[in-house]
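Geometric and topological summary
The primary structure of each chain is shown beneath.
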Amino acid sequence: MKIKGSAAYWMIFPTLLIISIVAFFPLFKTFYDSFFSFGLRPGIERKFVGLENYKNLLRDVRFVNALKNTIFFTVVSVSIETVLGLIVALIVHQKFTLRGIVRAAMLVPWAIPTAISSQMWRWMFHDQFGIMTRLWERIGIITPGTPILGRPGLAMWAIIFVDVWKTTPFMALLILAGLQVIPEDIYEAAKIDGANSIQRFFKITLPLVTPTIAVALIFRTLDALRVFDVVYIMTRGAVNTETLAVYNRHVLMDRAFTGAWFGYGSAISVFIFMLIMIFAIIYIRSLKLRLD
Amino acid sequence: MNVVRKTLFYGLVILIFVWCVFPLYWAFVSSIKPDRDLFEKNPTFIPRRITFENYVKVFKERPFHVNIKNSIIVAGVTTILSLAVGSLSAYSIARIKFRGKKIVMSLILSVSMFPQISILGSIFLILRALKLINTYTGLILPYTAMNIPLTVWVLQNFFRELPKEIEEAAFIDGASKFRTLWSIVLPMSAPGLVATGLLTFIASWNEFLFALTFMQRPNLYTVPVAIALFKGASQYEIPWGQLMAAAVIVTMPLVILVLIFQNRIIAGLSAGAVKG
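Residues numbered from 1 in each chain as written. Chains lettered and ligands numbered in written order. Predicted model: local features only at pLDDT ≥ 70, side-chain atom pairs only at ≥ 80, totals over all residues.

Focus: the interface of chain B and chain A
The interface is formed by 74 residues belonging to chain B together with 72 residues belonging to chain A. Take the side of chain B that touches chain A: its biggest share by element is 12 residues, from helix H1 (residues 2-32) of chain B. For the side of chain B that touches chain A, the residue count by class is 53 nonpolar, 16 polar and five charged. (Contact = placed C-beta atoms within 7 Å. Helix = DSSP H or I, 4+ residues; strand = E, 2+ residues; numbered from the N terminus. Nonpolar A, V, L, I, M, F, W, Y, C, P; charged D, E, K, R; others polar.)

Considering the domain arrangement of chain B
Residues and elements named next belong to chain B. Partitioning chain B into domains gives domain 1 (2-51) and domain 2 (56-274). Computed from C-alpha coordinates alone, the two centres of domain 1 and domain 2 are separated by 33 Å. Broken down by secondary-structure element, the contributors of at least two residues to the side of domain 1 that touches domain 2 are H1 and helix H2 (35-38). Ranked by the residues each element gives to the side of domain 1 that touches domain 2, the list is headed by H1, at five residues. Across the side of domain 1 that touches domain 2, the residue classes break down as four nonpolar, two polar and two charged. (Domains from an automatic or database assignment.)

Concerning the confidence of the model for chain B
Note: predicted coordinates in regions of low pLDDT should not be interpreted at a detailed level. Considering every residue of chain B, the mean pLDDT works out to 87; 95% of them sit at 70 or more. Here helix H14 (residues 262-274) of chain B stands out as the least confident element of chain B, with mean pLDDT 63; helix H11 (residues 209-214) of chain B is the most confident, with 96. (pLDDT = per-residue confidence, 0-100.)

Regarding the packing of H1(B) against helix H13 (residues 240-260) of chain B
All names here are of chain B. Where H1 meets H13, the closest approach of the two axes is 8 Å, and the angle between their N-to-C directions is 130°. The angle between H1 and H13 places the two elements in the oblique class. Note on packing geometry: the crossing formed by H1 with H13 is left-handed. Counting all contacts with H1, which are made through Leu-24, Ala-27, Phe-28, Ser-30 and Ser-31, the residues of H13 involved are Trp-240, Gly-241, Met-244, Ala-245, Ala-247, Val-248 and Thr-251. Its residues assigned to classes, the contact of H1 with H13 shows eight nonpolar, four polar and no charged. (Axes fitted to C-alpha atoms, helices over the stretch in contact; angles between N-to-C directions. Parallel < 35°, antiparallel > 145°, perpendicular 65-115°, else oblique. Left-handed = near helix turned anticlockwise from the far one by under 90°.)

Rendered as structure tokens:
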């Protein structure tokens, strides 16, 4: 088919225009602004400060703490979600009655907006009337009368709990898609050769599904590093649950109206961008490996 | 042994099911309980008394219907715009040979990796300079940019799978590129368009960070923001019954939609998430 190449450029132009205005230009501007000191209140002088904002990052106790919380949240939630996701995927991969309904139910946590499910969970974690609070008391995780969302340490675990609830089923569905493409005859052959179910899992299933898990895992990591909604709604970042994104928004949108904080906030934004890009590059690399 | 294993297996299956749907069930139960039953030390799993008071109050005591309208407009326009703009790009990437295709595709896909928080401040400044804070346009533009990568990626995969012969025939008959796309390719791609459109709609409906930052008046809040910033008569008292009613109202259509289109959504998501 003979087509003029120039038509393609016209067809792509609107896309490029939109992503330039609302993605690439703002990104460039964030980098640029991070070398200045300025605020959003009129009367604050805009000054070039070079790398000053970046130097201040490591001196900022609240920033370092937010970084620690973000890493803790990411490592713990993604690990739990991966392991549980694999287990759930293996279960729903079996044939059983009502399998369709269970698989459909697994889309529910994903379909509910995080802002809304976080409020549902906040009610379930309510210090007096929360059903989850009652359950945790019964099991003995907490002593009666402990406000889960008001205790440092405990609050972060509650947030991780909600994230695991939302993401595990989804992770399981992705891994399930990987399980379904493993041809049945490999298992048959292994059975004939006398491999038991544990051997079949470690020698066949796990190696074949590892690429899918790896991709899902990095994808989740990208998401977890920028976690905002669930933390903002459950605790507003109080009781030592503040993550980088929550702190970043606070500096940009609250503090910058009172003083020269916008440049510093931009430096935090650049930091988060760099952090996520490292994982994004790993992600892209792993995709290439799969495509080959 | 077999019975034990079977019981254990079904136990796990039930656990997975309950785990997934319980919060929604609990929100519903809480929304139909009268306050005296709701604020009880040991709540019952099945409500003793049922009232729909909260469902009336949520529209009477606050502009929740306005919030729903805002969300429908923003998510709806975003979906149409992403599909329109995205399908043009997707088609040219799938079917036309041109220089720099790889670079264009990488540029578009790289946007999906951008952490929203990293461009939040700058977009705020740009929208403020253009007087677009507190307008629908101010949300629709960033949402469209965020959703285009997935739209382009999924649709170009879809277009590639279509039989080329029909398009060639149209071309020989003298139809232009746009004409071919509009009257032949798009109708054939309806399933792909529905799946990507649905994903875009859900993503925009659910978005919180931008909506929280760029809409600063309660009557312009989208649904997630209205629910996240739910306030009662006093500062310390959250009307949980009403809040749960609101949550149920906006979640139910979404859940039903997802259940109807579950196969297509999973296919679309795996294309987006697993393959890139």
